[in-house]
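Structure assessment
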Amino acid sequence: MDILIDTIKDTILIIPILFVMYLCLEYFEHRQTNQRVEYYLTHYGPLLGAVLGIIPQCGFGVLASLLFIEGKMTLGSLISVFIATSDEAIPILLTNPEMYTSLIGIIFIKFIFAIIVGYAVDFLFKNQSFEHFHTHIEHTHEHSIIFEALFRTFKIYAFIFAVNFVLSLAIETIGSTTLSYLLLDRSMVQPIVAAIFGFIPNCAASVILTQLYISQALSFASLVAGLITNAGLGLLVLLQNKIDMRIFIRICMILLLSALLLTLPIQWFYLH
């Protein structure tokens, strides 16, 4: 019962974000007046994505994924949101005054790094249009835009809720002590393991990583590595919408390599 309640708490705030997002998409699809929006997302996407990402709400990862799927956001912009996102880590660190220095460091490092990586990705793939990544989804618009938005909102929310419940149950069963052991304390390998662990598309992943850092079982570099790959529910939305697996793997590899490129040198200095 506790896991069910926690899952509801973790996901319920996503509903209004999803609804507003789908309502806007339905409006643009009906009116065909989204050229200006696409211009800003194309030219300033990584910067805007990093700004959205630092807001402690996993719904923005979902928002970015939906924009990407609809062809309204570049790959670099999506990556910048995912990298900047820290999910539940920020609220947890805010409740610990002795962690404020770490909190500021995490936000600043991830924000700057998200912008750099986002623009780098868009530069590397600048000759490939939205359509190269875009999964085309046809909508018949047989009903009002409000009905369509509600239908699409609860369809994606049902999937997110179900997967989150299963993952939360699995993490609760394994236990934090076992996870701490698996994350290999005080090792050069720890950031790698933390980055892989961060791919779990569940709010509990960022909670566990942060709690292990507070208890000094996880280094600062490892926490950052795990939070870079922890895109919240964003990756889950991409899978639910059946995005091309080659694109999905590319996104995951960019996140993983970015996390290791940044954090392995920090971990080396930490150990020496």
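Residues numbered from 1 in each chain as written. Predicted model: local features only at pLDDT ≥ 70, side-chain atom pairs only at ≥ 80, totals over all residues. Heavy atoms only, no water.

**Considering the packing of helix α11 (residues 190-197) against helix α13 (residues 220-229)**
- It is at 7 Å that the axes of α11 and α13 come closest, and there the two elements cross at 25°. Taken as axis vectors, α11 and α13 run roughly parallel relative to one another. Our pair here, α11 against α13, has a crossing hand that is right-handed. Between α11 and α13, the contacting residues are Q190, P191, A194 and A195 on the first element and S222, A225, G226 and T229 on the second. (Axes fitted to C-alpha atoms, helices over the stretch in contact; angles between N-to-C directions. Helix = DSSP H or I, 4+ residues; strand = E, 2+ residues; numbered from the N terminus. Parallel < 35°, antiparallel > 145°, perpendicular 65-115°, else oblique. Left-handed = near helix turned anticlockwise from the far one by under 90°. Contact = heavy atoms within 4.5 Å.)

**Re helix α7 (residues 100-124)**
- End to end, α7 covers 36 Å across 25 residues, agreeing with the expected 36 Å (1.5 Å per residue, within 8%).
- Residues S102, L103, G105, I106, K110, F113, A114, I115, V117, G118, V121 and D122 constitute the buried set of α7. (Expected span 1.5 Å × (residues − 1). Buried < 20%, exposed > 50% of the residue type's maximum accessible area, 1.4 Å probe, protein only.)

**What about the nonpolar core?**
- Core analysis: the biggest nonpolar cluster contains 62 residues, and L235, L238 and I251 have the highest contact counts within it.
- Of the residues forming this core, the biggest block, 10 residues, is contributed by helix α15 (residues 245-271).
- The contact partners of L235, leaving out residues within four places of it in the chain, are S65, F82, F199, T229, F248, I251 and C252. (Core = buried A, V, L, I, M, F, W, Y, C linked by side-chain atoms within 4.5 Å.)

**Regarding the environment of E172**
- Structurally, E172 can be placed in helix α9 (residues 145-174).
- Note: C-alpha distance between E172 and A204 (32 residues apart in sequence) is 9.4 Å.

**Description of the side chain of S86**
- Note on placement: S86 falls in the loop between α5 (75-84) and α6 (89-94).
- A distance of 3.1 Å separates polar atoms of two side chains, one belonging to S86 and the other to K110.
- Once you skip the residues sitting within four places of it in the chain, S86 turns out to touch G53, I106, K110, S206 and L227. (Polar contact = N/O pair within 3.5 Å; in protein donor to acceptor, adjacent residues only side chain to side chain.)

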